[in-house]
Amino acid sequence: MSCKQSISPANSPTKSSLSASQELVQNGVNAVFRDYSVAGMEKHFDENYIQHNPGIPTGRAPLVGFLPALKEAGTTTKNHRIFQDGDYVVTHNTYDNAEAFGAKEVVTFDVFRVENGKLAEHWDGIQPIVATTASGRSQFDGPTEIKDLDRTAANKDLVENLISDVLMGNNPGKITEYISTEIYHQHNPQIADGLEGVSAAFEYLASQNDMFAYTKVHKVLGQGNFVLTMSEGIWHDKSHAFYDLFRIEDGKIVEHWDVIQEIPAEMAHNNGMF
């Protein structure tokens, strides 16, 4: 039997639809990007908060130190999707007045680990928002409803096998076993809809001798019909972080969002991006 969890696309999904950990994440994010509140951060963030954003030192105190600059810039965020896998909460967000993160408007995947009722660890991938995309879809629009909770494990396996066979090149001919041949909505700004769009993108990269390779999958997080992978690899001869969100229907991937971010050689901490 299919189970459903309704998630609103608005900035604050209804609390009745969220778990305690998801509410904690939203309250913590609001403390930083809506209230700019030191007290709110002390309430929701662990003092030894582990940071993987490459530009922010680890710990709660350095993040608190950014609050005045965020408030002055008027940096705000909007949540588009949220789901949970055990102690991990995945959010798909956009940020405005976000020059501190690389552009005025950015799209992100933020992953939080919850421990003892506090936000204990954070990973993210950040990319500027592109106004015009190959598919006509934005980098964050589309369905938000979490359903098929009973198929979470199978959907995570499906996506992990796609990464291994297709994106790591172990058996690329199996792509139609994973991605629907009938409908595949694409949100990567440079790739058109459908398997044709994916094929054209790979052909273009090959023609440019531009190596694009996934080398390691660090996390596969999912709830029902949504699965996020956090991977690293090579693009333009540089190390990159790849965040890929997939929506699955009836055993096939029918939609894809992603964020691609270069991994800098030097970071503000020793935790790495993963």
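Residues numbered from 1 in each chain as written. Predicted model: local features only at pLDDT ≥ 70, side-chain atom pairs only at ≥ 80, totals over all residues. Heavy atoms only, no water.

**Structural notes on the sheet that holds strand 10 (residues 226–235)**
Move 1: A sheet is described by the order of its strands in space; here five strands give the open sequence 8-12-11-10-9, paired in mixed fashion. The two strands at the open ends of the sheet, each matched to only one other strand, are strand 8 (185–186) and strand 9 (212–223).
Move 2: Pairing of strand 9 with strand 10 involves 10 bridges; the strand directions are antiparallel. In the sheet register, Gln223 faces strand 10, and the bridge partner there is Phe226.
Move 3: Sheet contacts for helix 5 (residues 152–167): strand 9, strand 10, strand 11 (238–249) and strand 12 (252–262); angle to strand 9, the most-contacted strand, approximately 175 degrees. (Pairing = 2+ DSSP bridges. Helix = DSSP H or I, 4+ residues; strand = E, 2+ residues; numbered from the N terminus. Contact = heavy atoms within 4.5 Å. Axes fitted to C-alpha atoms, helices over the stretch in contact; angles between N-to-C directions.)

**Remarks on unusual backbone geometry**
Move 1: The phi dihedral of Tyr36 falls on the positive side, at around 50 degrees, and the residue is not glycine.
Move 2: Its place among the elements puts Tyr36 in the loop between helix 1 (20–33) and helix 2 (38–44).
Move 3: Tyr36 gets classed as buried once you look at its relative accessible area, which sits at 18%.
Move 4: If you check the backbone angles, Asn97 has positive phi at about 50 degrees while not being a glycine.
Move 5: Note that Asn97 resides in the loop between strand 4 (88–96) and strand 5 (105–115). (Buried < 20%, exposed > 50% of the residue type's maximum accessible area, 1.4 Å probe, protein only.)

**Let's talk about the side chain of Asn188**
Move 1: Here Asn188 shows up in the loop between strand 8 and helix 7 (194–207).
Move 2: Within the structure, Asn188 has its side chain in polar contact with the backbone nitrogen of Gln190 (distance 2.8 Å).
Move 3: Residues in contact with Asn188, not counting those within four places in the same chain, are His256, Asp258 and Ile260. (Polar contact = N/O pair within 3.5 Å; in protein donor to acceptor, adjacent residues only side chain to side chain.)

**What about the environment of His218?**
Move 1: If you trace the backbone, His218 turns up in strand 9.
Move 2: Judged by its relative accessible area of 26%, His218 is partly exposed.
Move 3: Discounting chain neighbours no more than four positions away, the residues touching His218 are Met230, Ser231, Glu232 and Phe274.
Move 4: In this structure the side chain of His218 is engaged in a polar contact, spanning 2.6 Å, whose partner is the side chain of Glu232.

Nothing here speaks to function; it is all geometry.
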